[in-house]
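# Coordinate inspection notes
Single-letter residue listing:
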Amino acid sequence: EKLRQMAKATQLIAELVDDVFVERHEVGGSIPEAVRRMCASLAARGLVSDPRSLEASLLARMELGGIGIPGTALALFHARDATVVRPAFSLHDFDEPLEIEGMDGAMMQVRRTLLMVAPLDISTVALEAISEISVAMVEQPAERETFEDGSEAQVVAVLQNIFARYLHDKLS
């Protein structure tokens, strides 16, 4: 059973990495518009069936507490929503900084957001695999820097390293 779950997690990771993209948006510093554009990008790629539902979930998550990553110009938008087709990770750059509350409670200027979304019915193994991205943000400064400034190819390479470590740890 554990092997089957790992096989599913590996398949999910492969799809997640294949779907990664970096996109630039002009939103004039508007957070609701930024969220709308990010969700529309996912919908255009078939990763979410109802972008409005996901928008509401992301904005509700923001209300719970800061999502800006202290010491960076990054914010981590994340939510689980029934309209998400499969887990997805994307990066979004903005023309003007977004003023977002950091995880430390301080307001900060964010130029790039990391968007992590998953369906409500995601398996625990899959959720654990995806959460490794958050762990790397905290524990791996070089990888965090790539998320902050890197190209799509560089981000994909970092994700492959994160997931290779995860699978190695799980299987050993």
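For the structure given in this document, a descriptive report is provided here. (Residues numbered from 1 in each chain as written. Predicted model: local features only at pLDDT ≥ 70, side-chain atom pairs only at ≥ 80, totals over all residues. Heavy atoms only, no water.)

## Focus on the pairing of strand E3 (residues 74–80)
For E3, a buried count of five out of seven residues is recorded, marking the element as mostly surrounded by other parts of the structure. The pairing of strand E2 (residues 68–69) with E3 spans two bridges and is antiparallel. Bridge pairing in E3 links Ile69 to Leu74. Between E2 and E3, which pair antiparallel and follow one another directly, the connecting turn spans four residues, one of which, Gly71, has a positive phi of 80 degrees. Both E3 and strand E5 (residues 107–118) contribute to a ladder of seven bridges, which runs parallel. Residue pairing in the sheet places Leu76 in a bridge with Leu114 of E5. (Buried < 20%, exposed > 50% of the residue type's maximum accessible area, 1.4 Å probe, protein only. Helix = DSSP H or I, 4+ residues; strand = E, 2+ residues; numbered from the N terminus. Pairing = 2+ DSSP bridges.)

## Points about the pattern of salt bridges
What the rule picks out here adds up to eight salt bridges. Between Arg36 and Glu33 there is a salt bridge, and its shortest N-O distance comes to 2.8 Å. Of this pair, Arg36 and Glu33 both sit in helix H2 (residues 31–44), three residues apart, which is roughly one turn of that helix. A single network of salt bridges, built from pairs that share partners, joins Glu33, Arg36 and Arg37. (Salt bridge = Lys/Arg side-chain N within 4 Å of Asp/Glu carboxyl O.)

## Details of helix H5 (residues 141–149)
Listing the buried residues of H5 in full gives Glu143, Thr146 and Phe147. When H5 is viewed along its axis, its buried side chains cluster within an angular range of 100 degrees and face the same direction. Looking at H5, the residues exposed on the side facing more than 90 degrees away from the buried face are Ala142 and Asp149. Looking at the buried positions of H5, the neighbouring elements they touch are E3, strand E4 (88–101), E5, helix H4 (124–139) and helix H6 (152–171). (Arc of directions from axis to C-beta. Contact = heavy atoms within 4.5 Å.)

## Focus on the nonpolar core
Counting residues in hydrophobic clusters, the biggest one holds 32 residues, and the most contacted among them are Phe89, Leu114, Ile133, Phe147, Leu159 and Phe163. When residues of this core are traced back to their parent elements, those giving at least two are helix H1 (2–19), E3, E4, E5, H4 and H6. If you tally residues by element for this core, the top one is H6, at eight residues. Core analysis: the second largest hydrophobic core is formed by 26 residues, Met62, Ala75, Phe77 and Val84 among them. (Core = buried A, V, L, I, M, F, W, Y, C linked by side-chain atoms within 4.5 Å.)

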